[in-house]
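# An overview of the molecular structure
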Amino acid sequence: MAQTDKKEAAMPAKKSAAKPVKKAAAKKTTAKRTVRKIIAMPQVQGCHIIAIVNQKGGVGKTTTAVNLACALGRLGQKVLLIDCDSQCNATSGAGFSHDSVKSSIYDLMSGDVTFAEAVINTRYDFDIIAGSRNMAGAEVELAKLPEDKRFILLRDSIAEAQEKYNFVLIDCPPSLGMVAVNALTAADGVLVPLQCEYYAVEGLSLLVRTINENVRKFLNPRIKVEGILLTMYDSRAKLTTDVAEGVRALYPDAVYDTVIPRSVRIAEAPSFGMPVLVHDPSNKGSEAYVQLAEEVINRGK
């Protein structure tokens, strides 16, 4: 009996010892939900037009366009996003249906609306010129224009943006066709989202060569590769780290320090018609896009 009494006396001590563990776990959960305070940065001088391009689909191009636009806007910049892809994903990712907007980039390039009529204000700290399904046929229509007009139509159509915005981001279709070349001709720089996979690296060398040997030489001497952004980054995968190291070795001055992690919250945000910064501000992807925006601003100074 004496031994039993000793055991029963010890039992309350176990319950009390468990309480601090629960409190510690609660504190840890709270720390995960902390949202980083975004502090506005001085607006950059002039207007920086950045084409977001990769001829390979599924690399996070449109996701980057929408979230970078939002992050730049929250950092105090005046931002315009242009959806040049006939899939119109940037438009829906900003909260609009392509068939509900009154005007689009296609209408602007066709001369049917003015620049001011084409611009739509979003709820997410940036403006947008919506995409159109008709951009799929724009490839053929542009080819029919005189040679001195077919590659500069977009540049001339958005000329007014130079006076109103610090950054213009152009979301391009996944190709190097006439529409993408129009974007490259209009842009000061190119941001290349790159998924950390072997085939994506092969496509990168082709894109860089096209920019350097064709676009810069014949159409736009000021264009440069603004930066290469590693997307869907998973540090647990050896292929990811191998590709990242290889790209940084090949383009040491071009690759952004920021990497965009693979995240379910980033992937699901477009289904709600909003950037991940709004959908889940505490997500690691939201933090990454703010860091990317800071890098883009610093490079634009």
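Every chain's residues receive numbers from 1 upward, in the order its sequence appears when written. Under the rules for a predicted model, residues below a pLDDT of 70 receive no local features and side-chain atom pairs below 80 are neither given nor counted, while totals for whole chains, interfaces and linings still include all residues. Calculation of side-chain values draws on the structure's entire complement of heavy atoms; hydrogens and water are dropped beforehand.

### Considerations on helix H9 (residues 198-219)
Going by this rule: Only DSSP runs of H or I covering at least 4 residues are called helices, and only runs of E covering at least 2 are called strands; the numbering of each starts at the N terminus. Expected helix span is computed as 1.5 Å times (number of residues minus one). A residue's bend is given by the angle between axes fitted to the 7 residues ending at it and the 7 residues starting at it. Buried means the residue's accessible area, taken with a 1.4 Å probe over protein chains only, is under 20% of the maximum for its type, while exposed means over 50%, and partly exposed covers the values in between. We call two residues contacting when some pair of their heavy atoms lies within 4.5 Å.
With 22 residues, H9 extends 30 Å from end C-alpha to end C-alpha; this agrees with the ideal 32 Å at 1.5 Å per step. Maximal helix bending in H9 amounts to about 35°, located at Ile211. Of the positions making up H9, those classed as buried are Ala200, Gly203, Leu204, Leu207, Val208, Thr210, Ile211 and Val215. Against helix H8 (178-186), strand S6 (189-195), strand S7 (224-233) and helix H10 (238-250) lie the buried residues of H9.

### Points about the environment of Val247
With respect to the element layout, Val247 can be found in helix H10. Taking the relative accessible area as the measure of exposure, Val247 reaches 1% and is therefore buried. As for Val247 and Leu194, which are separated by 53 residues in sequence, their C-alpha atoms are 9.5 Å apart. Sequence-distant contacts of Val247, that is, excluding residues within four places in its chain, are made with Leu194, Val201, Leu204, Ile228 and Val255.

### Quick look at the packing of helix H2 (residues 61-74) against helix H13 (residues 284-300)
Under the convention used in this document: Whenever a helix is involved, its axis is fitted only over the stretch in contact; in every case the axis is a line through C-alpha atoms, and angles between N-to-C directions fall within 0 to 180 degrees. Geometric relationships in this document are graded by angle, where less than 35 degrees denotes roughly parallel, more than 145 denotes roughly antiparallel, 65 to 115 denotes roughly perpendicular, and other angles denote oblique. Under the scheme applied here, ten amino acids are nonpolar (Ala, Val, Leu, Ile, Met, Phe, Trp, Tyr, Cys and Pro), four are charged (Asp, Glu, Lys and Arg), and all others, including Gly, are polar.
Following both chains from N to C, one finds H2 and H13 inclined at 75°, their axes separated by 9 Å at the closest point. The angle between H2 and H13 places the two elements in the roughly perpendicular class. Contacts from Thr63, Thr64, Asn67, Leu68, Ala71 and Leu72 in H2 reach Tyr289, Val290, Leu292, Ala293, Val296 and Ile297 in H13. Per-class residue counts for the contact of H2 with H13 are nine nonpolar, three polar and no charged.

### Quick look at the confidence of the model for the chain
Selection criterion: Here pLDDT means the predictor's own confidence in every residue, given as a number from 0 to 100.
Confidence in the prediction for the chain averages 88 pLDDT; 89% of positions are at 70 or higher. Considering only residues more than four positions removed or in separate chains, one finds that residues 1-31, a stretch of pLDDT under 50, has zero contacts.

### With respect to the nonpolar core
The following threshold applies: Joining through side-chain atoms within 4.5 Å is the link that ties buried Ala, Val, Leu, Ile, Met, Phe, Trp, Tyr and Cys residues into a set, and such a set is a nonpolar core.
Within the largest apolar cluster, 50 residues are counted, with the highest numbers of intra-cluster contacts made by Leu80, Ile82, Ile105, Phe115, Ile129, Val168 and Ile170. Not counting residues within four places of it along the chain, the set of residues in contact with Ile82 comprises Ile105, Ile129, Ile158, Val168, Leu169, Ile170 and Asp171.

### Notes on the side chain of Asn166
Note the following rule: Here a polar contact is taken to be a pair of N or O atoms separated by no more than 3.5 Å, where protein atoms must pair a possible hydrogen donor with a possible acceptor and residues adjacent in sequence count only if both atoms sit in side chains.
With respect to the helices and strands, Asn166 occurs in the loop between helix H7 (153-157) and strand S5 (167-171). Within polar-contact distance, the side chain of Asn166 engages the backbone oxygen of Val44 at 3.1 Å. Only 2.8 Å separates the side chain of Asn166 from the backbone nitrogen of Lys78, close enough to count as a polar contact. Contact partners of Asn166, with chain neighbours within four places excluded, come to Gln43, Val44, Gly46, Cys47, His48, Gln77 and Lys78.

### Comments concerning the pattern of salt bridges
Pairing is possible between side chains that carry opposite charge, provided their charged atoms lie close to one another. Formally: For salt bridges, the criterion is a side-chain nitrogen of Lys or Arg within 4 Å of an Asp or Glu carboxyl oxygen.
Under the counting rule described, the total for this entry stands at eleven salt bridges. The salt bridge involving Asp171 is made with Lys61; its shortest N-O contact spans 3.2 Å. Placement of Asp171 in strand S5 and of Lys61 in helix H2 is noted, with a sequence separation of 110 residues between them. One exposure class covers both Asp171 and Lys61, and it is buried.

### Digging into the pairing of S6
To be explicit about the condition: Each pair of strands is called paired provided DSSP finds at least two bridges between the two strands.
For S6, the tally of buried residues reaches seven of seven residues, placing the bulk of the element in the interior. By the alternation rule, side chains of S6 split into Gly189, Leu191, Pro193 and Gln195 and Val190, Val192 and Leu194, which are all buried. Pairing of strand S1 (residues 48-52) with S6 involves three bridges; the strand directions are parallel. Within S6, the residue paired with Ile52 across the bridge is Leu191. Alignment of S6 against S7, held across seven bridges, turns out to be parallel.

### With respect to the pairing of strand S2 (residues 79-83)
Where burial is concerned, most of S2 is hidden: five out of the five residues are buried. Burial of S2 is two-sided: the residues Val79, Leu81 and Asp83 facing one way and the residues Leu80 and Ile82 facing the other way are all buried. Note that S2 and strand S4 (residues 127-129) share three bridges and pair parallel. Bridge assignment links Leu80 to a residue of S4, and that residue is Asp127.

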